[in-house]
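# Structural overview for review
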Amino acid sequence: MMRGYRPTPVSNSTLSFCGTDNSSAYKVDNGLLNNGCFLDALGVVPHVFLLFSTFPILFIGWGSQSSKVHIHHSTWLHFPGHNLRWLLTTVLLFVLVCEIAEGIVSDGFNQSRHLHLYMPAGLGILAAITSIVYYHNIETSNFPKLLIALLIYWTLAFITKTIKFVKYDDHGIGLRQLRFCITGLLALLYGLLLGVEVNVILRRRYMWFRYPTEVKPPDDLQDLGVRFQQPFVNLLSKSTYWWMNTFITSAHKRPIDLKTIGKLPISMRALTNYQRLRKAFDAQMEDGPVPLKGSRWIWRSLRQAFGRPLVLSITFRFMADLLGFAGPLCISGIVHHISSDNHSALPPVKLLGVHFISSEAFLANAYVLAVLLFLALLLQRTFLQASYYVAIETGIKLRGAIQTKIYNKIMRLCTSNMSMGDMTTAQICSLVARDTNHLMWFFFLCPNLWAMPVQIVIGVLLLYSLLGVSALIGATVIAVLAPLQYFVATRLSRAQKSTLEYTSERLKKTNELLRGIKLLKLYAWEHIFRSSVEETRRQELTNLRTFALYTSLSIFMNAAIPIAAVLTIFVVHVHVHSATDFDLSPAVAFGSLSLFHILVTPLFLLSSVLHSTVKALVSVQKLSEFLGSTEIETDQDPIVQTPANNNGNIKSVYALQLQAKLVNRKNKAKQDVNRNFEQQDQELTASAAQEDEVCIKIINGFFTWTQGCPTLTNIDIKVPFGQLTMIVGQVGCGKSSLLLAALGEMQKISGNITWNSLPKSDSEENVRAHYMNGRQSHPKRGSVAYASQRPWLLNATVEENILFDTAPNEKRYKEVIEVCQLQPDIDTLPQGDQTVIGERGIILSGGQRQRISVARALYQQTNVVFLDDPFSALDIHLSDHLMHEGILKFLRQEKRTVVLVTHKLQYLPHADWIIAMRDGTVQTQGTLKDIQCAEPELFEQWRTLMNRQNKENSTELKRKSFRRAMYSRDTMSLATEDEDEDSSTSTDEDSLRAELRHRTTIPWSSFATYLRAAGMLLLPLLVLSQLTKHSLMVAIDFWLAHWTSHVIAAQMESAERNCTISRDCEFSHSSYLQVFCVLCGLGIVLCLVTSLAVEWTGLRVAKELHCSLLRIIVLAPMRLFETTPLGNILNRFSTDTNTVDQHIPATMECLSRSTLLCVSAVGVISYVTPVFLIALLPLAIACYFIQKYFRVASRDLQQLEDSTEMPLLSHYSQTIEGLTTIRAFRHEQKFKKKLLEHTDANNISSLFLSAANRWLEVRMEYVGAFVVLIAAVASITNALYSQVSAGLVGLGLTYALMVSNYLNWIVRNLADMEVQLGCVKRVSALIHTQPESYDGLMTPAQVPAGWPKYGEIQINNLSVRYDTSLKPVLRHVNAHIKPGQKVGICGRTGSGKSSFSLALFRMVDTFEGQILIDGIDIAKLPLQMLRSKFSIILQDPILFSGTIRFNLDPERKATDKMLWEALEIAQLMPVVKALPGGLDATVTEGGENFSQGQRQLFCLARAFVRKSSILIMDEATASIDMATESILQKVVMTAFADRTVVTIAHRVHTILGSDAVIVMKHGAIVEYDEPEALLEQKDSVFSAFVRADK
């Protein structure tokens, strides 16, 4: 074998530069330049010059400098032609390697060694490397004058190579000789590099010019905060991600955070890319009108803005795919040449005293093919990773641009889109979180769309050249099965979409369960809601089973189709060719096998790419619809008022809104809105001049939330400058809507709104800002400090919420804190006013949220302040203090215009102007005296409610003295109820941070938890099936090697026998083929078993973990929900459950498959060439350290990406929720700036993660390339000297070629698994929560029927606490409440009122004393039974999505008559009757389609439905106007006349009619008597409360 390769034996003594077998080697008779050896020696001169001239500078200059001073990257400045120089140098190195190889191969034909054939090339490689290192150092120090050395070098090298090339041509050496081509290429490359060097001189003028060009580094590099260096580093560092080394290794020492990764380069920032996208959008609009429907214009804009880098990515991908075919071709060549005995290559030609070989002879050398395969692999992997990086970077840029575009659109969204349910917060957040990611991933996979067809065509052509017709049949099998694969992928997508719907529904129900958990526990309804969640989960799991089935089929087809195709090919090939020749050689078999591995990849990717494309098309369509939605500034045609608009039968504005939903609300075409412009302008100017004391004026205003029925009709109001205007009216009459209409948030049907600036201004532009025929002139309205009815807080500190991005003023800040009585609350918070509040922070009470919202409005120095019902969640003391100190004193001193919506009619005498609303219109307006004269009946009604006729002045004096006594708030009393909770929340947050930063090894304990949940049946099946499958895969390939080797042996035997009878020479394939078919069939079956086992294991675990989690959460004590942020618990049900459901099984399958394939590959290579084991050790060590560093960095970056995504999505949701407030304050630009910061933080995390993945893959691919090189060289040597069969060599090389892919997937999946197991760990931690004790000492059968029949409550020496580690909140309380007694409880905040009521339900830890109800100790009762026997109405009204019937009676025990009776008692019957469906009318999530007051009334009705003998009202009427409240108090007294009622009061006057009053302080009862008796005692605490409440 390999006779053509074996050189003539040469002794070491014959070694010399020109060789000793050539007598003319040193003769120069025909001139020096005609001597071949001299020409090669001449080529050494430039290399020696460069080495000697640059080494001193490199090692003395920069060596000493770099040891002392680190040159910062801000000095990096690329010289002209930088990238071209690097490319040319890379090509130069490749050509020089070829020159060395050619020299060594051709020297093999000589009698002695000729060093001149390859030594100059070796020096050339050294010189080329030196040149680029030298250039890099000069470039980083920006000292171009030293480039003169390179200029001389390129010149000398170009001249010497040109002389050599010309002389070769003179001697008749032409293109058939490889060395001639190499020399020509080298001359060309040196010439081009010389051109690059001259270009630097011309552009930078550093020599031969008087004034050199001065240039500065890019702005990014001058900013020390920019640490993402990929765009700025040299080409080598760019392609190998060398600059990431320090970053990745440093992650092992300290965690990666936002400070570590720094800022984004300017070109990658969201603002830059948004401007680019906006420019493309504008260009589309200039070309013609953009259609309202359709998404083609968006695609065109995206292509214009981001198309260019995508073309670069596609180009890289094409080059990578073409180089990928070098693997199978080289393997085929190597195996073919090993198994052949002679060669048809042309013999070498001897000229100029040496042998010249042709390119065919060069490529006939197996070692040359091994080296070329190695270089091709390096290049192919580099281009592939470059393609991935460019595509992902473009996708990230695109995502940032679209997210910014969406946010800018949100800022202009019409509020009615949100309030009427056309567009929900969840939909917009989905657009941001999901659809922008779909587009990003489409851009990432986009190069595949172009590269795959080319790859498939070339692959099939190469297969055809190897196998003939059978290749086409094999390709047909794949082509026929590809649609089936696409069908499975489509079904998979459909199953995922269907699963997602049920997941959303489950999360919605879980969210409601968690938000209302206190109410559910108090009503003993938690099991009803748990059953509801479980029912949805069952439906979700049914879809998950379908999803798992199709995933299994997809995995199975990915594994089985290649086996089936290979089987088909070889069966057909044997039958077609067996009668004619023995064509099934190892070269053909393993070459085609390697081609199949390449060909199968794009066919598998096809379904993913098409799926991603469909997702992207849908996402762009959704984006198009969103961008086309109604904006608040858009000009609209006046809406014609219909007679139906005056329907007076419906009392509630919300009923009107619900009816309006049914109206068709299509956008009308824009028409001319300038009719009567001048006339109206003159009228407005005149009226403004006459009434310059009016701040806001609305004339004949009709407003709506939709383009249907008006919500506000015939509005004529004015708001005077610098005075207090109060808006009053019943629940749902349109008070809040009036404020929003003035702010321009509602759609205006007709009328005018005038905003005046400060009075006495002569400038018409400053006098008014008006709305004219629907045109809204917002810029003319200044900033309005607005506190909405539902307090809106940022996810930020208390201080940041109050300052709201305005300049800090310590004195003013302290005044506002004092006015809003926030200091005692701040003192109890863990970090004071630096405590983070909002959804992701500490959970505050309604009153605290309300006061922070009001404090924000007070702190802002705006001329106008809108306060929408700021007292609803405050007790009487806080309300009084805020009214007098905040509104009447603080705001009046600053002469600010205040508009106050309130139900507290006792404050009406302080109003300068009053607007009374009724059923969506203005009932009357004026001063209190004006209304007394004009509307005496209304005034009398107010006066009755105010109860202030003769006590105005005396009450004022008493209040002031009382306030001084009462407002030394005792923070210790607060601490008992709040402080410990908050501190434990802080501890919980700290532990959460520690958990996120847990940087230990892979959490194997979590993996064990995961596998334990799978059960003992599935686990052994999973392990056995995987091991058996991979053993069979190896057996199939081994059998193929065995078979083909026997074919070659038979071929050689027949050649030796020289047989002529075909029957004697015929080789029987049948036995080999049968075994091959059986093995392949078993392999296909095991592929199916394995894929099903993995998915079913995952499904079982998903079911078990969620079931356990839900059960424990429902049974958990309230303490868990009070100390753990709701978002954290919800994340366990959303993100973590989704990971367990869908991601862990896929990762586990991929990880096990990659690991077993890698182990089998290494095993096969070691079996073929045992010497490979020696080289395996350093490679294994390299892999270990690469994965060790990568896993830590990857985990940190993944967590950072997730943690930066949360604030980004939170910013969107909180912007949507607070849109009205933001626009009122005119803070749009500040919020846009924050959005850009959040987007950039998320994007830089994604970019670093992408770069880290590329860093890993490049290194693993290079390790894989070295594996291939070592395996190839060892196999060739073994085949030459140890007679290893060609089949085994082919097998070893085929496996070696796939090792790099397996290594990548192992490390990537290991990193992913590590992050995903964190989800299992968090879920498992929550599952170990200690539940409440639901079992009692008594069984339900032992409890008397109808208990509690009388409602007698006996409390003996009761002491309770929230947790065993906390102080008591009630101490030694004794009380006796008689059957049917009405008892009121009052006291300061934190006095223990609510704890008293919770003790009755065993919601707190009773560690001393007992509570007897009708003689039975409640501690002995089953918890479920105890709670089901009482009714409670909480302060915060909670409604659940569903129907009104479901909200009133989830247990479905009450009849319709009982429900209507309860609604009538709660004053809700007219409202519900007006709704479509009546009792079955829809209630949206949180009851958002009802006002706050109406929601509170529904909660009252819910309590009435239960008709229990004991009712607890926990500050239940705080959100109701006084008139409705007084009616309710009477109703409660009559409807519950024979029942025990315990009322916890904010407003003390509500319990004056009680049979007894309990006054609490510091967790103890200080007064307990009839209210009349306590009022007679002038020094009693209760009488002081009553005086303050008047």
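Remember, predicted model here, so these are calculated numbers, not experimental data.

How each quantity is defined
Residues numbered from 1 in each chain as written. Predicted model: local features only at pLDDT ≥ 70, side-chain atom pairs only at ≥ 80, totals over all residues. Heavy atoms only, no water. Helix = DSSP H or I, 4+ residues; strand = E, 2+ residues; numbered from the N terminus. Buried < 20%, exposed > 50% of the residue type's maximum accessible area, 1.4 Å probe, protein only. Areas by Shrake-Rupley, 256 points an atom, 1.4 Å probe, with all protein chains shown as cover. Phe/Tyr/Trp six-rings, centres within 6.5 Å; stacked < 30°, edge-to-face > 60°. Pairing = 2+ DSSP bridges. Contact = heavy atoms within 4.5 Å. Patch = residues over 30% accessible without salt bridge, like charges linked within 9 Å, V, L, I, M, F, W, Y side chains within 5 Å. Salt bridge = Lys/Arg side-chain N within 4 Å of Asp/Glu carboxyl O. Axes fitted to C-alpha atoms, helices over the stretch in contact; angles between N-to-C directions. pLDDT = per-residue confidence, 0-100. Lys, Arg positive; Asp, Glu negative; His and termini not counted. Charge placed at Lys NZ, Arg CZ, Asp CG, Glu CD. Parallel < 35°, antiparallel > 145°, perpendicular 65-115°, else oblique. Left-handed = near helix turned anticlockwise from the far one by under 90°. Nonpolar A, V, L, I, M, F, W, Y, C, P; charged D, E, K, R; others polar.

### Observations regarding the overall build of the protein
Of the regular secondary structure elements, the protein holds 53 helices and 25 strands. Buried positions account for 58% of the 1590 residues belonging to the protein. With the model as given, the accessible surface of the protein reaches about 65,300 Å², and the carbon-plus-sulfur share is 59%.

### Here we look at the packing of aromatic side chains
For the structure shown, the criterion picks out 33 aromatic pairs. Ring geometry for Phe228 against Phe1248: centres 5.2 Å apart, planes inclined by 80°, an arrangement best described as edge-to-face. Of the two residues, Phe228 sits in the loop between helix H7 (219-222) and helix H8 (235-240) while Phe1248 sits in helix H43 (residues 1228-1281), which places them 1020 residues apart along the sequence. With respect to burial, Phe228 and Phe1248 carry one shared label: buried. Both rings, one in Trp1347 and one in Phe1430, keep their centres 6.5 Å apart while their planes meet at 45°; by these two values the pair is tilted. Here Phe1430 lies in the loop between helix H46 (1423-1428) and strand E19 (1431-1433) and Trp1347 lies in the loop between helix H44 (1286-1327) and strand E14 (1353-1361), a separation of 83 residues in the sequence. Across the pair, Phe1430 and Trp1347 agree in class, each one buried. Among the aromatic residues, those joined into a cluster by ring pairs are Phe228, Trp243, Phe247 and Phe1248.

### Let's talk about the pairing of strand E5 (residues 724-728)
For E5, the buried fraction is high: 5 of the 5 residues fall into the buried class. Side-chain alternation along E5 places Leu724, Met726 and Val728 on one buried face and Thr725 and Ile727 on a second face that is also buried. As paired strands, E5 and strand E11 (residues 897-901) are joined by 4 bridges and run parallel to one another. By the bridge assignment, Ile727 is partnered in E11 with Val901.

### A closer look at the side chain of Arg85
For Arg85, the position within the fold is in helix H3 (residues 82-107). Beyond its immediate chain neighbours, meaning those up to four positions away, Arg85 contacts Ile132, Tyr135, Leu150, Trp154, Leu193, Val196, Glu197 and Val200.

### A few points about unusual backbone geometry
In this structure, Gln821 is a non-glycine residue whose phi angle is positive, near 55°. Within the secondary structure, Gln821 sits in the loop between helix H27 (810-819) and helix H28 (823-828). For Gln821, a relative accessible area of 4% gives the class buried. Even without being glycine, Asp1414 reaches a positive phi, approximately 50°. Looking at the element boundaries, Asp1414 is found in the loop between strand E17 (1405-1413) and strand E18 (1416-1417).

### Some details on a nonpolar patch on the surface
Where nonpolar side chains cluster on the molecular surface, the patch consists of Leu449, Trp450, Tyr486, Leu606, Leu610, Val614 and Val618 and spans about 580 Å² of accessible area. Secondary-structure elements contributing two or more residues to the nonpolar patch are helix H17 (425-467) and helix H21 (586-627). Element by element, the count of residues in the nonpolar patch is highest for H21, at 4 residues. By secondary structure assignment, the location of Leu606 is in helix H21. Residue classification places Leu606 among the partly exposed positions, given a relative accessible area of 31%.

### A word on the sheet that holds strand E24 (residues 1556-1561)
Across the sheet, which stays open at both edges, the 6 strands sit in the order E19-E22-E23-E16-E24-E25 with mixed pairing between neighbours. Of all the strands in the sheet, the pair left with one neighbour each is E19 and strand E25 (1564-1569). Between one strand axis and the next, the sheet turns by 15° as a mean value, whatever way the strands run. Across 4 bridges, the pairing between strand E16 (residues 1382-1387) and strand E23 (residues 1540-1544) is parallel. Each bridged residue has a counterpart across the sheet, and for Gly1384 the counterpart in E23 is Thr1543.

### Topic: the confidence of the model for the protein
Averaged over every residue, the pLDDT of the protein is 79; the share at 70 or more is 83%. This model gives residues 633-690 a pLDDT under 50, and the stretch forms 82 contacts once residues within four places in sequence are excluded. Across residues 991-997 the pLDDT falls below 50, and counting only partners more than four positions away or on other chains, this stretch makes 7 contacts in the model.

### Some remarks on a negative patch on the surface
Residues Asp1555, Asp1569, Glu1570, Glu1572 and Glu1576 make up a contiguous surface patch of negative charge. Here Glu1570 lies in the loop between E25 and helix H52 (1571-1576).

### Re the sheet that holds strand E15 (residues 1368-1377)
The sheet built from 4 strands is open, its strands ordered E15-E14-E17-E18 with antiparallel pairing. The open sheet terminates on both sides in strands that have one partner only, identified here as E15 and E18. As defined by bridge partners, E14 adjoins E17 across 7 bridges and the pair is classed as antiparallel. Across the sheet, residue Ile1355 finds its bridge partner in E17, namely Ile1411.

### Quick notes on the pattern of salt bridges
Per the stated rule, a full pass over the model turns up 40 salt bridges. Notably, a salt bridge pairs Arg943 with Glu940, separated by 2.9 Å at the nearest N-O pair. Within this pair, Arg943 and its partner Glu940 are both found in helix H32 (residues 936-946), separated by 3 residues, close to a single helical turn. Look at Arg943 and you get partly exposed, because its relative accessible area is 28%. Residue class for Glu940 comes out partly exposed when judged on its relative accessible area of 37%. The residue Asp1405 makes a salt bridge to Arg1361 at a minimum N-O spacing of 2.9 Å.

### Overview of the pairing of E17
Where E17 and E18 come together, 2 bridges link them in antiparallel fashion. Looking across to E18, one finds that Leu1412 is bridged to Asp1417. Linking two consecutive strands that pair antiparallel, namely E17 and E18, is a turn of 2 residues; a positive phi of about 50° is found at Asp1414 within it.

### Description of the packing of helix H40 (residues 1126-1168) against H44
Running from amino to carboxyl end, H40 crosses H44 at an angle of 155°, the nearest separation of the two axes being 5 Å. On the basis of the axis angle, H40 is roughly antiparallel to H44. Seen from above, H40 lies across H44 with left-handed handedness. Residues of the contact of H40 with H44, tallied by class, amount to 29 nonpolar, 9 polar and 4 charged.

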